[in-house]
Amino acid sequence: MAIFSTRDGQAWEPTYLTAIDDKKCIGCGRCHKVCSRDVMHLMGVNEDGELVACSSDDDDDDEEFVRKVMVLDAAGNCIGCSACVRVCPKACQTHVRASELGL
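Fair warning: this is a prediction, and the values are worked out from it, not measured in the lab.

How each quantity is defined
Residues numbered from 1 in each chain as written. Predicted model: local features only at pLDDT ≥ 70, side-chain atom pairs only at ≥ 80, totals over all residues. Heavy atoms only, no water. Salt bridge = Lys/Arg side-chain N within 4 Å of Asp/Glu carboxyl O. Helix = DSSP H or I, 4+ residues; strand = E, 2+ residues; numbered from the N terminus. Buried < 20%, exposed > 50% of the residue type's maximum accessible area, 1.4 Å probe, protein only.

As a further point, take the pattern of salt bridges. This model, assessed by the stated rule, comprises two salt bridges. The shortest N-O distance in the salt bridge between Arg97 and Glu13 comes to 3.6 Å. Here Arg97 is found in strand E7 (residues 93–97), whereas its partner Glu13 is found in the loop between strand E2 (11–12) and strand E3 (15–20), with 84 residues between them in sequence. Under the relative-accessibility criterion, Arg97 is labelled partly exposed at 41%. Among the residues examined, Glu13 registers a relative accessible area of 12% and is labelled buried. The shortest N-O distance in the salt bridge between Asp22 and Lys23 comes to 3.6 Å. According to the relative accessible area criterion, Asp22 is partly exposed, its value standing at 33%. With relative accessibility at 69%, the residue Lys23 sits in the exposed group.

Below you can see the structure in the form of C-alpha cells.
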C-alpha cells in the first residue's frame, strides 16, 4: 500500500488521475499547466465529434473545432499529487487512491 507521510508526519496517500470526462471538460487547460509530468494534452473536437490534434498555444485553429477537451495521454506518468483536480473548474477528472488501484 502506498501510504506516505508529509513533512509534519501526517499520513498522505497519492490519488492518481484515471479518467477525464469529455462531456464536462471545457478545455481550459488549467490542469495541463499545473501538471509537470505530461499526463494529459489538449485535443479539439470537430463537428463530427471526432478528436483532432490541436495546439494549446495557438488560437488560430479555434475555427476548426466545436470545442476543446483535455484527454488523458500518459496515465503512467501521474505521480498522484492531485494538483490538476484542485484547479479544474468543472470537476471532470476521476482520481483513484493508490490503495484502491492495488499499489
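There is more to say after this.
Secondary-structure assignment places Glu100 in the segment after E7. The spatial distance from the C-alpha of Glu100 to the C-alpha of Phe65 is 37 Å, given a sequence separation of 35 residues.

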